[in-house]
Every structure is written in C-alpha cells, then in structure tokens.
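Descriptive structure summary
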Amino acid sequence: MHNNIFQLIKKVNLQQFITISSPLLLLLLWEICSNTGILDSRFFPPPTLIIHTMFQLGESGELFSHVSISLTRILLGFLLGVIPAICIGLLMGMYKYFRHFFSPIVMIFMPIPTLAMLPIILILFGIGEFSKMVTIAISVFFPVVINTAAGVANIDRIYLDVAKNYQANAKDFFFRIALPGAMPVMLEGIQMGQAIALLTIVAAEMIGANSGIGYLIWMNYKAFLLPEMYVGLILISFFGYIFSIILRGLEAKLLPWK
Amino acid sequence: MAKIEIKQLSKRFNKGNKYIDALSGIDLKIEDGEFVCLLGPSGCGKTTLLRILASLETPTTGNITIHSAAAKKNPTQSMVFQENGVIPWLTVEENVAFGLKMRHLPEEITRKQTDYYIEKVGLSNFRKLYPKELSGGMKQRVSIARAFANDPDILLMDEPFAALDEQNKFILQEELLSIWQETRKTVIFITHSIDEALLLSDRILLMSAQPGRIMKDIKLDLPRPRSIEQVRSQSEITQRFLEIWEHLQEEVKQTRLI
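Please read these numbers as outputs of a predicted model, since none were measured by experiment.

**Examining the overall build of chain A**
Along the backbone of chain A there are ten helices and zero strands. Listing every helix and strand of chain A by position from the N terminus yields α-α-α-α-α-α-α-α-α-α. The C-alpha radius of gyration computed for chain A amounts to 23 Å, which surpasses the reference 18 Å derived for 258 residues by more than 25%, pointing to a less compact arrangement than a globule. In terms of its C-alpha atoms, chain A occupies a principal-axis envelope of roughly 75 × 70 × 30 Å. When burial is assessed residue by residue, chain A has 40% of its 258 residues classed as buried. When contacts within chain A are restricted to residue pairs at least 6 apart in sequence, those whose partners lie at least 24 apart make up 71%. Accessible surface for chain A amounts to roughly 15000 Å². Of this, 73% is attributable to carbon and sulfur atoms. A gap of 13 Å separates the mean positions of the 15 positive and 12 negative side-chain charges of chain A.

See below:
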C-alpha cells in the first residue's frame, strides 16, 4: 500500500516535471541561440531581455493601461455576446419554430469572419469602445448559440419523458431539465467563444485602435521595438491560459455531476 | 368498480406511407391494488401500452378510464423507467423528491416523503451523491423511490430490472414487493421474464406480437411472500411456467414465419 502511494507520487511528479520541462527547454534553447548568434537577436531577442523589457514597461504604467483596456473590452464584449447567445440558443433548442426561424440567420452570418464586418461595425457604432465590444460580442455569439441549441436538442429523450410524467410545468422544465441538461455542451461553446474573443480583440486592436495589447504589438512592430512586441505576445498567451483556467474552474462548479 | 378500464384501444404509428399497428383491440379491466405483469416478446407493444397509460402517447382509437377518488390530490400515475431514467444532474435526494417538487408541495411534506423512501430503499448514506457514482441497482432503487414518494394511485414499471445482473434483480424484486405490500398500490409491470412475472404478480397478461393483443389473462392466486426458490421448485408454479412458455414460443415462431 505504502509502496503504491510512493510510486503514485513519483509518477505524478515525473509527469509534472515533463510538462514543465518542454516550455523551459524551448526558452533555454531560444536564449542560447539568440545569445550565440544562431538566431538573429534583432528579430528574436533573448527571453531574458524580453522579461527585462516587460518590467520596464510595467514600471512606467504603460503596460497596465494597455492590459486593462483590452481586458475590459474582452470581458464586456464577452458578456454582451454570451448572454443573448444562451437565451436564443435555449429557445432554439426547445421550440422548433424558433429554431426554424433563427437558424437561417445564424447560418448566413456565421461564415463571415467578424473582422470582415469591422467596417460595418465602425459605421454603425463609431470608433469608440463600444464598437470593439460589439466586435467581440459577435464573434463569441455564434459558437455559443450553436452549442447551446445543440446541447438542448441532445438531451436524452427519456429525461423529457420523466419531466412530462412527473408533471413538470414550463418553468420547472426549463430550469431543471433544459438548462442543466444543455450545460455541458453549452460550456464547450463558451470555451470556444473565449478563445475566439482573444483572437478577435488582438486583431481588432491592430486594425482600428490606439490602445490595447493588439495595438501594443502592432505599434512596436512598426517602430521596430521587437522586445516590446514580444511582451505583447507573452501577455496574450498568459491571459489565454488564465481564462481557460477560470472557465475550467467554472465548469467544475457548474457540473458537479459530470 | 375497476381501477383502470381500457376499451377497444389501438395504436398505429405512421412512418411516411407505411404504418405499424402496435396495439389492437385491447380490452382490459384492472382492479384496485392489483399487481399486473404484461408479459410478451420484445416489440409486442407492451411499452406502447404503458406509455399510453402514462400519458406519454395518445391512443389512435379507444379510451382509457382511470377511476380515482374525487377528493384526492395525489397524481393518478407515476412511471418507473427502464435504466437511465434517473436524472444525472440531480442528486439521489433531488431525484427522489422530483415528483413532489414538480407538484410544489410544502417543503415539509416533500422532505418527509423523500426521507422515508430513501431510507426504505437503503440509500440514506448515498443521498448527496450524483447518479454517476451509483451502481445500476442503486440507480433503479432511486427510480423506484421517486415513483413511490410521489404517492400515485397507479405505478407503471417499464422493465425496471432488465439491465441488472441476476443477484441484484432478486434483491430489488424483493424490495419492490415489500414496499408494494405496505402501500398496496395498483402496479402495471412490464417484463419479458416469466420468472419475474410469476414471482411478482397477481395476474399475468400475455401479449402477442404485432399488432399487440392480450392473448391470455392468467390469474395467479399463489400465496405471498414468494421466493425465487418456490417459483423454481413448486410443481404448480412450474406448470404455469410451462404453459406461459409454450404460448410465448408459439408467438415468437409465428412472428418469424411472417
């Protein structure tokens, strides 16, 4: 027994070690190649320099303002897209007339990349903060609406029979069967939406903004301040990771039965 | 007065141009407190008949009358579904309380009924668990407790033990009988196992395959409680077994010839 636990700990540690080792190895390789001139350090500055630059930018407060503005856009835009997507998705899943009415509209707009609609968004909502949030909202809306509708439609028929046989009214049916039953697939859609939101905000900020992480990357590239540009890239990777951890935590909270 | 009266009931399923007669010319009276088994080969329409009684399907012709005491507020029927009828996102106690919650009974009554039947099926230590953590036998206990806790006039059971192993099946059959003997509710129980029908019922209705008809109405006035040993060893019961066996054999052969 003791032996088994010992082996288990050893195994977990080994797995963790291997998991951490690959990014560290990559950074180390990068550092060495950059310092020895195998990689051109003008284009690929060593990681230590990038981290140093990050602290410099952090001290001046410039970094913080770009990050907070991007996060605000993502958060509000995300909510602006997810909330109507869940409502419409649930209605589409539950009522076939809703489904028949909304699915052509969804199908028409879904294939258009949100960034291609940016000019229209700018015309409609101006160049202020709101148009950036709308851009994110639109890009998040589609995966969530489709997954929510599919989540409801895929609830096992037997639970609908149980609800009917035990005389659930419309409200109880919605909150006790449709919503929790659709939740797993819906959360997958939200995960997807989160990834797309990050993608969209950076691209949108590169095209039409004068602040944010995307702007930071693009402006520093244009000014050939590459260490500063890499700081932007690292931040995106970092926040993407944080978001997916938050959503996974939310999933564990919302789906204790899975 | 009979509890349930079925007159000239038939059910036809239309599929495009084709149709299937699932049930035809069912005439039936079931007394209050009777334990009736519907026994027949698979595809004979026994589940359809039960679903019509459960108001999950409508009959094509004929009608069903269920006589309940006028002043009573409890539901006329509740169904114990085949495996997987337990709702995965509700805990054991939420599942057992489901019918009572759907009827919005006072909290106190709901809790009392739920506690009583959780105790009765021996799941007190598991009340906070989700179905994924339960064995097949435990899930069916939850399903049975849910139906009894709802306190219906009639219990409809759709092969509740079909997916269980032999040992678990015997245990659950005995538990079911002990709860039934305490409450004396009218039970309609579907099975394709002759042993199970002989062990449980006061009356066995043999059904023919497509279209489903009641072929034979067998009254069993064997003493209770019965054990599976008696069912297997007593010559009187063995005689009944053979009689039913021959009938079903005949039926299965005929459907093969078509």
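After that view, the rundown keeps rolling.
**Focus on the sheet that holds strand E1 (residues 4-15) of chain B**
Residue and element names in this part refer to chain B. Pairing is antiparallel in the open sheet, where three strands are placed in the order E2-E1-E4. Edge positions in the sheet fall to strand E2 (18-30) and strand E4 (61-66), since each has one partner strand and no second. Taken over all neighbouring pairs, the strand axes of this sheet differ in orientation by 25° on average, direction set aside. Both E1 and E2 contribute to a ladder of nine bridges, which runs antiparallel.

**Focus on the pattern of salt bridges**
Tallied over the full model, the rule gives 20 salt bridges over all chains. Ionic pairing is found between Glu93 of chain B and Arg127 of chain B, a salt bridge with its closest N-O pair at 2.7 Å. Note that Glu93 of chain B is positioned in helix H2 (residues 92-96) and Arg127 of chain B in the loop between helix H4 (107-120) and helix H5 (136-149), a separation of 34 residues in sequence. Residue Arg127 of chain B is classed as partly exposed on the basis of its relative accessible area, which comes to 22%. One salt-bridge network, held together by shared partners, links Arg157 and Asp161 of chain A together with Arg51 and Glu57 of chain B.

**Overview of the UniProt feature "domain: ABC transmembrane type-1" (unreviewed entry) in chain A**
Here the UniProt-annotated "domain: ABC transmembrane type-1" (unreviewed entry) positions come out as residues 63-247 of chain A. End C-alpha to end C-alpha, residues 63-247 of chain A measures 25 Å, and it is 86% helix and 0% strand.

**Observations concerning the pairing of strand E7 (residues 186-191) of chain B**
For a regular strand, side chains alternate in direction, first toward one face of the sheet and then toward the other. Residues and elements named next belong to chain B. Burial of E7 is extensive: six of the six residues sit out of reach of the surface. Summarising the sheet, strand E3 (residues 35-39) and E7 pair through five bridges and their orientation is parallel. When the sheet's bridge partners are listed, Cys37 is paired in E7 with Phe189. With helix H6 (residues 166-183) bridging strand E6 (residues 154-158) and its parallel neighbour E7, the resulting β-α-β unit is right-handed.

**Points about the interface of chain B and chain A**
Across the contact, 28 residues belong to chain B and 21 residues belong to chain A. Carbon and sulfur atoms make up 63% of the area that chain B and chain A hide from each other, which totals about 2200 Å². Along the contact surface separating chain B from chain A lie one salt bridge. Our enumeration of links across chain B and chain A arrives at eight residue pairs in polar contact (both at pLDDT 80 or more). Of all the secondary-structure elements, those providing two or more residues to the side of chain B that touches chain A are strand E5 (77-80), helix H3 (98-102) and H5 of chain B. At four residues, H3 of chain B tops the list of elements feeding residues into the side of chain B that touches chain A. For the side of chain B that touches chain A, the class distribution of residues is 13 nonpolar, nine polar and six charged.

**Concerning the UniProt feature "transmembrane region" (unreviewed entry) in chain A**
All names here are of chain A. UniProt's entry tags residues 12-30, 74-93, 105-127, 133-153, 196-218 and 230-250 with the feature "transmembrane region" (unreviewed entry), counted in the numbering of this structure. The span residues 12-30 shows a helical share of 100% and a strand share of 0%, and its end C-alpha atoms are spaced 28 Å apart. Along residues 105-127, the helical share is 57% and the strand share 0%, with 26 Å between the first and last C-alpha atoms.

**Here we look at a nonpolar patch on the surface**
On the surface, a nonpolar cluster with roughly 480 Å² of combined accessible area is contributed by Leu80, Ile120, Leu124, Phe125 and Phe130 of chain A. When you line up the elements, Ile120 of chain A lands in helix H5 (residues 118-125).

**Structural notes on H4 of chain B**
Structurally, the α-helix is built with 3.6 residues per turn, so residues lying three or four positions apart point the same way. Residue and element names in this part refer to chain B. Taking 1.5 Å of rise per residue, the 14 residues of H4 would be expected to cover 20 Å, and the 20 Å separating its terminal C-alpha atoms lies within 8% of that figure. Buried residues of H4: Thr110, Thr114, Tyr117 and Ile118, and no others. In a view along the axis of H4, the buried residues occupy a sector of 105°, so they form one face of it. Exposed residues on H4 whose side chains face more than 90 degrees from its buried face are Glu108, Lys112 and Glu119. Next to the buried residues of H4 lie H2, H3, H5 and H6.

**Re the side chain of Arg203 of chain B**
Checked against the element boundaries, Arg203 of chain B lands in strand E8 (residues 203-207). Overall, Arg203 of chain B belongs to the buried group, its relative accessible area being 5%.

**Here's the deal with the pairing of E8 of chain B**
Residue and element names in this part refer to chain B. With respect to burial, E8 is a largely interior element, five of its five residues being buried. Covered by surrounding structure in E8 are Arg203, Leu205 and Met207 together with Ile204 and Leu206, the residues of both alternating faces. Bridge count between E3 and E8: four bridges; the pairing is parallel. The residue bridging Val36 from the neighbouring strand is Arg203, located in E8. Taken together, the five bridges between E8 and strand E9 (residues 214-219) define a ladder with antiparallel strand orientation.

**Some thoughts on the sheet that holds E8 of chain B**
Residue and element names in this part refer to chain B. The strand order across the open sheet formed by six strands is E5-E6-E7-E3-E8-E9, and the pairing between neighbours is mixed. This sheet does not close on itself; its edge strands, each paired only once, are E5 and E9. The mean angle between the axes of side-by-side strands here comes to 15°, regardless of whether they run parallel or antiparallel. In the packing of helix H1 (residues 46-53) onto the sheet, the strands contacted are E3, E5, E6, E7 and E8, and the crossing angle to E7 comes to about 150°.

Each value, and the rule that gives it
- Residues numbered from 1 in each chain as written.
- Chains lettered and ligands numbered in written order.
- Predicted model: local features only at pLDDT ≥ 70, side-chain atom pairs only at ≥ 80, totals over all residues.
- Heavy atoms only, no water.
- Helix = DSSP H or I, 4+ residues; strand = E, 2+ residues; numbered from the N terminus.
- Rg over C-alpha atoms; globule rule 2.2 N^0.38 Å.
- Buried < 20%, exposed > 50% of the residue type's maximum accessible area, 1.4 Å probe, protein only.
- Contact = heavy atoms within 4.5 Å.
- Areas by Shrake-Rupley, 256 points an atom, 1.4 Å probe, with all protein chains shown as cover.
- Lys, Arg positive; Asp, Glu negative; His and termini not counted.
- Charge placed at Lys NZ, Arg CZ, Asp CG, Glu CD.
- Pairing = 2+ DSSP bridges.
- Axes fitted to C-alpha atoms, helices over the stretch in contact; angles between N-to-C directions.
- Salt bridge = Lys/Arg side-chain N within 4 Å of Asp/Glu carboxyl O.
- UniProt positions renumbered as here; feature names shortened; annotations may be inferred.
- Right-handed = clockwise from strand over helix to strand, strands pointing away.
- Buried area = accessible area lost by both parts, 1.4 Å probe.
- Polar contact = N/O pair within 3.5 Å; in protein donor to acceptor, adjacent residues only side chain to side chain.
- Nonpolar A, V, L, I, M, F, W, Y, C, P; charged D, E, K, R; others polar.
- Patch = residues over 30% accessible without salt bridge, like charges linked within 9 Å, V, L, I, M, F, W, Y side chains within 5 Å.
- Expected span 1.5 Å × (residues − 1).
- Arc of directions from axis to C-beta.

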